[in-house]
Amino acid sequence: MKTSESYLPEGSYITQPAVREALCSPDGLRRAQSEGRILEAVAQRCTAEHDLLFDLGFAQGVMPRSCCALGVAEGDTREIAILSRVGKPTCFAVTGVEEDADPPTVWLSRTIVQQRAQDYLLDTLRPGDVIPARVTHLEPFGAFVDIGCGVPSLIGIENLSVSRIFHPRDRLCVGQDIFAAVRAVDTENRRIALTHRELLGTWEQNAALFAPGETVRGVVRSVEPYGVFIELAPNLSGLAEPRGDLTVGMVVSVYIKSILPQRMKVKLTVIDVLAPRRLPLPPHYFITEGHIDSWVYTPACCDKKYVATVF
């Protein structure tokens, strides 16, 4: 795993015993300040001036607006990046402890740890590296994820899976821990782009999970005049005969008639319409660590469309 344990997605630190111990006393906070340690607590309130406030028990934690997120002070990051932290674990470094204040005040900075995390990630990550991430929000064009201390990255919808979807919520949900592969590192603009589909297996790996004669569940992904495309796994779909009562997103049971690697096809028959799923199933990963130089989805024996990624 290329990512450092020092820079984890937000929400990963709050239960660590060392972090909880440091937040219990002024001495613990001062030690954390001198050591430059990353701490985490839940933001309780955002003031009208967009400072974040934290209840540390013996003191109030204050994170000034300019210290809440990278780019806020420069106007490159929207204020929603601050407002949306309320009620969520937020990482920070301690910049000052004022016991004589009324109430006692601990000054905090999220931008310090974000800057450190971003510098580290930009310096060490290379295309093809596999890293952990946590989904923070979903847009029609892709999924935003936290790759360390709130540093954001984007997985475009076209890179979430081989099977096409209409919205990232068909594949992921907010707060979900996932794995991703680095697609590009842009040091000039300080951005890291990710991809996801390469970790979900090749056509042959996914097809090996099924066998002709089985009846399994699937999701309707496309309805065409010549047939219905049904997703059996995020990187594997099959084709069933046309049916007028099916629409995109329906969950169905299907009978597997045949699996044809040389044509990269799975032939299906729809058996029944099932109750819809409330949440997408967790991804089944074939790769969760290390580095990928290249990835070939298409079976070697197939003379149809060639799908591959070179990092």
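Quick caveat: nothing in here was measured; it's all calculated off a predicted structure.

Peer 1: Where do I start with the overall build of the chain in this structure?
Peer 2: Tallying secondary structure elements over the chain gives five helices and 18 strands in all. A principal-axis box enclosing the C-alpha atoms of the chain has dimensions of 75 × 40 × 35 Å. Here the chain holds 311 residues, and 46% of them are scored as buried. Taking the intrachain contacts of the chain between residues at least 6 apart in sequence as the baseline, contacts between residues at least 24 apart amount to 64%. With an accessible surface of roughly 15,400 Å², the chain has 52% of that area assigned to carbon and sulfur atoms. Counting 32 positive and 37 negative side-chain charges, the chain places the averaged centre of each group 9 Å from the other.

Peer 1: Looking at this model, I keep getting lost on a positive patch on the surface. Mind explaining?
Peer 2: Residues Arg263, Lys265, Lys267 and Lys304 make up a contiguous surface patch of positive charge. Positionally, lysine 304 belongs in the loop between β17 (294-296) and β18 (308-310). When its relative accessible area of 48% is taken as the criterion, lysine 304 is described as partly exposed.

Peer 1: I would appreciate a short explanation of the pattern of salt bridges in the present structure.
Peer 2: By the definition in use, this model includes 14 salt bridges. Glutamate 99 is the partner of arginine 30 in a salt bridge, and the nearest nitrogen-oxygen pair spans 2.8 Å. Separated by 69 residues along the polypeptide, arginine 30 in helix α2 (residues 26-35) and glutamate 99 in the loop between β5 (89-98) and β6 (105-109) bring together distant segments of the chain. Relative accessible area serves as the criterion here: at 34%, arginine 30 is assigned to the partly exposed category. A salt bridge links arginine 221 to aspartate 170; the nearest nitrogen and oxygen atoms lie 3.9 Å apart. Here arginine 221, found in strand β12 (residues 215-224), pairs with aspartate 170, found in the loop between β9 (152-156) and β10 (177-186); they are 51 residues apart in sequence, far enough to count as distant. Beyond isolated ion pairs, a larger network of salt bridges with shared partners links Asp170, Arg171, Arg221 and Glu231.

Peer 1: For this particular structure, what's the right way to read helix α4 (residues 110-124)?
Peer 2: An α-helix turns once per 3.6 residues; consequently, residues spaced three or four apart project the same way. In this model, α4 (15 residues) spans 21 Å end to end at C-alpha, consistent with the 21 Å of a helix rising 1.5 Å per residue. If you check which residues of α4 are buried, you get Arg110, Thr111, Val113, Gln114, Ala117, Gln118, Leu121 and Leu122. With its buried residues spanning 160 degrees around the axis, α4 presents them on a single face. The inward-facing, buried residues of α4 contact β4 (60-63), α3 (80-83), β5, β6, β10 and β11 (191-195).

Peer 1: Got a minute to help me understand the side chain of arginine 134 in this structure?
Peer 2: Looking at where arginine 134 falls in the secondary structure, it is placed in strand β7 (residues 130-139). Given a relative accessible area of 18%, arginine 134 falls into the buried group. Each residue touching arginine 134, except ones within four places of it in the same chain, is listed here: Pro9, Glu10, Gly11, Ser12, Phe144, Val145, Asp146, Gly175, Gln176 and Asp177.

Peer 1: Where do I start with the sheet that holds strand β8 (residues 142-146) in this structure?
Peer 2: Pairing between the strands of a sheet is mediated by backbone hydrogen bonds and can be parallel or antiparallel. Strand order in the closed barrel formed by five strands is β7-β8-β9-β11-β10, with mixed pairing between adjacent strands. Looking at each pair of strands side by side, their axes are set apart by 50 degrees on average, direction ignored. Inspection of the sheet shows β7 paired to β8 by five bridges, in the antiparallel sense. Each bridged residue has a counterpart across the sheet, and for leucine 138 the counterpart in β8 is alanine 143.

Quick notes on the rules
- Within each chain, residues carry numbers counting from 1 in the order of the written sequence.
- Residue-level local features of this predicted model are given only where pLDDT is at least 70; pairs of side-chain atoms are given and counted only at 80 or more, and the full residue set underlies all totals for whole chains, interfaces and linings.
- Think of the side-chain values as coming from all heavy atoms in the structure, minus any hydrogens and water.
- Only DSSP runs of H or I with at least four residues qualify as helices, and only runs of E with at least two residues qualify as strands; both kinds are numbered from the N terminus onward.
- Residue exposure (1.4 Å probe, protein chains only): buried if accessible area is under 20% of the type maximum, exposed if over 50%, otherwise partly exposed.
- By definition in these notes, contact holds between two residues if any of their heavy atoms fall within 4.5 Å.
- Using a 1.4 Å probe, the Shrake-Rupley method yields the accessible areas, and only the shown protein chains count as cover for residues.
- Neither His nor the chain ends contribute to the count of charged residues, in which Lys and Arg are positive and Asp and Glu negative.
- The location of each charge is read from NZ of Lys, CZ of Arg, CG of Asp or CD of Glu.
- The residues that make up patches have over 30% relative accessible area and no salt bridge, and they are joined within 9 Å when like-charged or within 5 Å when they are Val, Leu, Ile, Met, Phe, Trp or Tyr.
- Any carboxyl oxygen of Asp or Glu that lies within 4 Å of a side-chain nitrogen of Lys or Arg is treated as forming a salt bridge with it.
- Given a helix with a known number of residues, its expected span is that number minus one, times 1.5 Å.
- Along the arc lie the directions from the helix axis toward the C-beta atoms.
- By this definition, two strands are paired if DSSP reports at least two bridges between them.
- Working convention: axes come from line fits to C-alpha atoms, limited for helices to the stretch in contact. Angles between N-to-C directions cover 0 to 180 degrees.

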